[in-house]
Amino acid sequence: MKPNDVERFAANLRFLCERHGSITAVCRKIGLNRQQFNKYLSGVHLPSPGNVRRISQFFGLGPAVLFAETDEVRMLVDGNYFPVLDRLRGSRQFDDFMNAAVLASKQESLDITGVYDRYQYSSIYKGAIIRSLLCIYNNENLYQHCYIERFPSVDSPPRTDYIFKYHGFTFPLAGRIFFIDFESVQKNELTTSILMPVQRSKTRFMFGIASGVAATMLREPYATRTALHYRRSGLMRKEDMIVATTLPPDDPSIPRDILQYLGDGGDMLRAG
């Protein structure tokens, strides 16, 4: 146990309980004594490993996530995406797919967790490259991810005009990485991506294709090249958000491999 584990667990538990109604109802659903649960909330006691698992399963998070910095946990759960995942998990067809995907994922030896910069040409700002912040984390026996896009104002660049937050599932299958995302701010978009991991010396990339619906007035479907550049292990932090923005293609902070793969953006496909 690390020195701050008790404090972090208590803060994260309080944050998660705020989103799930009364403490009494949460205790009843988990099957824990309210008096003992209050000690967890106040940081007096740390639950046993068995109770940590029960609590984490109730909130749909892996046990390790409950001991992360609270800002990092907020980044993961912001957007109230749990109802979407719950509805999907209640679907028999999706449950069958998940079971097959999880079984196949266990056969992969790829280590894909961590924080990434995500690049693709913007479907909103013509000619600009959107760099978003993406995190893949292990949630019990499957991978999940979230990523955040920030679009600065054209008239006042320091100000942000749009923020989009995506949460979803990640499946390593046959050497490829499949992403299914649900946008949690507008709550009206689903996107998919297929990427191939590539390691060049000590640098880790993923290259592939993303498809979805543009957040423009016409809402046209699109497909475009997308790429990930590994940043570090762990969960995303508040200070990481500075990298999420739009960039001109000649911005020197874009890795050369990424820029060569994305090209000039002329291959973005739109319907109509």
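Definitions and limits used
- Residues numbered from 1 in each chain as written.
- Predicted model: local features only at pLDDT ≥ 70, side-chain atom pairs only at ≥ 80, totals over all residues.
- Heavy atoms only, no water.
- Salt bridge = Lys/Arg side-chain N within 4 Å of Asp/Glu carboxyl O.
- Helix = DSSP H or I, 4+ residues; strand = E, 2+ residues; numbered from the N terminus.
- Phe/Tyr/Trp six-rings, centres within 6.5 Å; stacked < 30°, edge-to-face > 60°.
- Buried < 20%, exposed > 50% of the residue type's maximum accessible area, 1.4 Å probe, protein only.
- Lys NZ or Arg CZ within 6 Å of the ring centre and 35° of its normal.
- Pairing = 2+ DSSP bridges.
- Lys, Arg positive; Asp, Glu negative; His and termini not counted.
- Polar contact = N/O pair within 3.5 Å; in protein donor to acceptor, adjacent residues only side chain to side chain.
- Contact = heavy atoms within 4.5 Å.
- Arc of directions from axis to C-beta.

Caption draft 1: Broad picture of the pattern of salt bridges. Taken as a whole, this structure holds four salt bridges when the rule is applied. Residue Arg231 pairs with Asp117 through a salt bridge whose shortest N-O separation is 3.0 Å. Of this pair, Arg231 sits in strand S8 (residues 221-232) while Asp117 sits in strand S1 (residues 114-121); the two residues are 114 residues apart in sequence, bridging distant segments of the chain. Notably, a salt bridge pairs Asp240 with Arg232, separated by 2.4 Å at the nearest N-O pair. Residues joined in a network through salt bridges with shared partners are Asp5, Arg8 and Glu69.

Caption draft 2: Summary view of the packing of aromatic side chains. Enumeration according to the criterion identifies twelve aromatic pairs in this entry. Ring geometry for Phe9 against Phe67: centres 5.3 Å apart, planes inclined by 40°, an arrangement best described as tilted. On the criterion of sequence distance, the pair formed by Phe9 in helix H1 (residues 5-18) and Phe67 in the loop between helix H4 (49-59) and helix H5 (70-77) is long-range, its members being 58 residues apart. The exposure class of Phe9 is buried, given its relative accessible area of 2%. Geometrically, the ring pair formed by Tyr116 and Tyr230 is edge-to-face, given 5.4 Å between the ring centres and 75° between the ring planes. Placement of the pair is Tyr116 in strand S1 and Tyr230 in strand S8, with a sequence separation of 114 residues. Among the aromatic side chains, those forming a connected cluster through ring pairs are Tyr125, Phe151, Tyr162 and Phe164. The ring centre of Tyr147 lies 4.3 Å from the NZ or CZ of Arg118, which sits over that ring. Taking the ring centre of Tyr230 as reference, the NZ or CZ of Arg204 above it sits at 4.0 Å.

Caption draft 3: Focus on the environment of Leu262. Counting through the fold element by element, Leu262 comes out in helix H8 (residues 256-262). Residue class for Leu262 comes out buried when judged on its relative accessible area of 2%. Considering only alpha carbons, one finds Leu262 and Phe207, 55 residues apart in sequence, at a separation of 9.1 Å.

Caption draft 4: Quick look at the pairing of strand S4 (residues 160-173). Where strand S3 (residues 142-152) meets S4, ten bridges bridge the pair, whose relative direction is antiparallel. In the strand pairing of S4, Phe151 is matched with Tyr162. Relative to strand S5 (residues 176-183), S4 is paired through eight bridges, and the arrangement is antiparallel. From the neighbouring strand, Leu173 faces S5, where its bridge partner is Arg176. In this antiparallel pair of consecutive strands, S4 and S5, the connection spans two residues, and Ala174 shows a positive phi of 55°.

Caption draft 5: Highlighting the side chain of Asp181. As for its position among the elements, Asp181 is in strand S5. Of the side chains with opposite charge, Arg118 lies nearest to the buried Asp181, which makes no salt bridge, at 5.0 Å. Engagement of the side chain of Asp181 in a polar contact is seen with the side chain of His145, the distance being 2.3 Å. A polar atom in the side chain of Asp181 sits 2.6 Å from the side chain of Thr191. Ignoring any residue separated from it by four or fewer positions in sequence, one finds Asp181 in contact with His145, Tyr147, Tyr166, His167, Gly168, Glu189, Leu190, Thr191 and Ser193.

Caption draft 6: Structural view of the pairing of S1. The buried fraction of S1 is high, at eight of eight residues. Judged from the eight bridges that link them, S1 and strand S2 (residues 129-139) form a sheet pairing that is antiparallel. By the bridge assignment for S2, Tyr119 is matched with Arg131. Both S1 and S8 contribute to a ladder of six bridges, which runs antiparallel. Counterpart to Arg118 in the pairing with S8 is Leu228.

Caption draft 7: Highlighting helix H3 (residues 34-42). Buried within H3 we find Phe37, Tyr40 and Leu41. Down the axis of H3, the sector holding all buried residues measures 100°, keeping them to one side. Of the surrounding secondary structure, the elements contacted by the buried residues of H3 are H1, helix H2 (23-30) and H4. Of the residues that open H3, the one with a side-chain oxygen 2.8 Å from the backbone nitrogen of Gln35 is Asn33. Looking one or two places after H3, you find Gly43, whose phi comes out positive at around 80°.

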